[in-house]
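Okay, here's what each chain looks like letter by letter:
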Amino acid sequence: MTRTAGLIGHPVAHSLSPVFQNAAFQHCGLDVVYTAWDTPAARLRTRMQRLRSAEMLGANVTIPHKQAVMPHIDELGDFSRRVGAVNTIVNREGRLFGFNTDGPGFVQSLKDERNFDPRGANVLVFGAGGAARGIVLALVDAGAAVSIANRTPSRAEDLAHTAGAGARAVRQPGDLAAYDVLVNTTSIGMEGTGTEDQSPSDFLGARPGAFAVDIVYAPERTTFLRDAEAAGLRTLGGLAMLVYQGALAFTHWTGIHAPVEVMFDAARNELARRGPAR
Ligand code: ATR
């Protein structure tokens, strides 16, 4: 039986997940088709019910439903409960299991793509929105000390409070030399936002050899990453987190290691095929 997986969100037409997940299933010889399921809020309940049928392997969840799916899940993983958001669902004989691989994917991408273990590292995170939440919690779990700087300070304070002893909110980043990793979780620099030529950091005083990691993947080289490179930092672009959250989801569904390089290639080819946004 061909099994089905898909992405629940709205809109989902431009998602890269179908492209790299299908490439991964094909590469591994698995009879699975991954579809973009555009799901307005009014259809979410029905979509979740369908997910329990035997041909359904599971799903990813994206904006705006990462929280809204939670009441429809039978068993929540600890991390997804703490983050308060689910991005991966597994259907096991009609029971739905919820996970969140966004933050863990971020940490895994640093480990596997840059051979960097954040244990004991000082990390500065720009932003305190939904994306920051999973990243900060996963970094703290991995043993990093995280400072959070956000345009709206109260959001940074709330997030630091949630994350506990390993995190603190900062009004100003302070001496950048103190940080081993600087992360952009804001939308600054993202194609189509009018902030393409902006960056949350000037990298003045940053330590050459430290890491700058962006979660924005279009453009692939953001102003944040280009400025970091010019200041002598090592960089990791946003496609890595996207692919690794997908790789961890793939493993939840299949029990096997995901072909990360195949997924990267598929995602890059698709971005190149689409060309720059107009
Ligand atoms: P996401 O779920 O993608 O993280 P979000 O919850 O809307 O989206 O969060 C967006 C983050 O980018 C926030 O930290 C936001 O700062 P505020 O909390 O002050 O709104 C940040 N952000 C977006 N545009 C920004 C800009 N032009 N300058 C500074 N911060 C910005």
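Below, the structure is looked at part by part. Note that the structure is a prediction, hence the values are computed from the model and not measured.

### Considering the overall build of the protein
Phase 1 of the analysis: If you tally the helices and strands in the protein, you get nine helices and twelve strands.
Phase 2 of the analysis: Taken over C-alpha atoms, the radius of gyration comes to 18 Å for the protein, in line with the 19 Å a tight globule of 278 residues would show.
Phase 3 of the analysis: With the C-alpha coordinates aligned to their principal axes, the bounding extent of the protein is approximately 55 × 40 × 35 Å.
Phase 4 of the analysis: Counting every position in the protein, which comprises 278 residues, the buried fraction comes to 50%.
Phase 5 of the analysis: Here the analysis covers contacts within the protein between residues at least 6 apart in sequence; of these, 64% occur between residues at least 24 apart.

### Focus: the pairing of strand β11 (residues 211-214)
Phase 1 of the analysis: The alternating pattern of β11 places F211 and V213 on one face and A212 and D214 on the opposite face, and all of these are buried.
Phase 2 of the analysis: Note: β11 against strand β12 (residues 234-236), three bridges, orientation parallel. Pairing of F211 across the sheet is with R234, part of β12.
Phase 3 of the analysis: Assessed by its sense of winding, the connection that carries the chain from β11 through helix α7 (residues 223-230) to β12 is right-handed.

### Observations regarding the sheet that holds strand β3 (residues 56-61)
Phase 1 of the analysis: Taken in spatial order, the six strands line up as β2-β1-β3-β5-β6-β4 in an open sheet, and their pairing is mixed. Each having just a single partner strand, β2 (32-38) and β4 (75-76) make up the two edges of the open sheet.
Phase 2 of the analysis: Across two bridges, β4 lies against strand β6 (residues 95-99) in parallel orientation. Of the residues in β6, the one forming a bridge with E75 is F97.

### Observations concerning the sheet that holds β11
Phase 1 of the analysis: An order of β9-β8-β7-β10-β11-β12 is seen for the six strands of this open sheet, with the pairing classed as parallel. Strand pairing shows two members of the sheet lacking a second neighbour, β9 (167-169) and β12, which therefore form its edges. Averaged over all pairs of adjacent strands, the angle between their axes in this sheet comes to 20°, without regard to strand direction.
Phase 2 of the analysis: By the bridge criterion, four bridges tie strand β7 (residues 122-126) to strand β10 (residues 181-184) in an arrangement that is parallel.

### Points about helix α5 (residues 130-141)
Phase 1 of the analysis: For α5, with twelve residues, the first-to-last C-alpha span of 17 Å sits near the 16 Å given by 1.5 Å per residue.
Phase 2 of the analysis: G143 lies just past α5 and shows a positive phi near 95°.

### Details of the site of the ligand
Phase 1 of the analysis: Every residue near the ligand is listed here: G127, A128, G129, G130, A131, N150, R151, T152, R155, T186, S187 and I188.
Phase 2 of the analysis: One of the backbone N or O atoms of A128 is found 2.9 Å from an oxygen atom in the ligand.
Phase 3 of the analysis: The side chain of T152 places a nitrogen or oxygen atom 2.5 Å from an oxygen atom of the ligand.
Phase 4 of the analysis: Against a free-state accessible area of 650 Å², the protein chains account for coverage of 67% of the ligand.
Phase 5 of the analysis: Of the residues that constitute the shell around the ligand, the class distribution is three nonpolar, seven polar and two charged.

### What to know about the pattern of salt bridges
Phase 1 of the analysis: Following the criterion strictly, the structure yields eleven salt bridges and no others.
Phase 2 of the analysis: Across the pair E75 and R95 runs a salt bridge whose closest N-O atoms are separated by 3.0 Å. Of this pair, E75 sits in strand β4 while R95 sits in strand β6, and the two are 20 residues apart along the sequence.
Phase 3 of the analysis: Judged by its relative accessible area of 38%, R95 is partly exposed.
Phase 4 of the analysis: One salt bridge connects E220 with R268, and the closest N-O pair in it is separated by 2.9 Å. On the criterion of sequence distance, the pair formed by E220 in the loop between β11 and α7 and R268 in helix α9 (residues 260-274) is long-range, its members being 48 residues apart.
Phase 5 of the analysis: Look at the salt bridges and you will find they share partners, linking E270, R273 and R274 into a network.

Rules of the game
Residues numbered from 1 in each chain as written. Predicted model: local features only at pLDDT ≥ 70, side-chain atom pairs only at ≥ 80, totals over all residues. Heavy atoms only, no water. Helix = DSSP H or I, 4+ residues; strand = E, 2+ residues; numbered from the N terminus. Rg over C-alpha atoms; globule rule 2.2 N^0.38 Å. Buried < 20%, exposed > 50% of the residue type's maximum accessible area, 1.4 Å probe, protein only. Contact = heavy atoms within 4.5 Å. Pairing = 2+ DSSP bridges. Right-handed = clockwise from strand over helix to strand, strands pointing away. Axes fitted to C-alpha atoms, helices over the stretch in contact; angles between N-to-C directions. Expected span 1.5 Å × (residues − 1). Near = heavy atom within 4 Å. Polar contact = N/O pair within 3.5 Å; in protein donor to acceptor, adjacent residues only side chain to side chain. Areas by Shrake-Rupley, 256 points an atom, 1.4 Å probe, with all protein chains shown as cover. Nonpolar A, V, L, I, M, F, W, Y, C, P; charged D, E, K, R; others polar. Salt bridge = Lys/Arg side-chain N within 4 Å of Asp/Glu carboxyl O.

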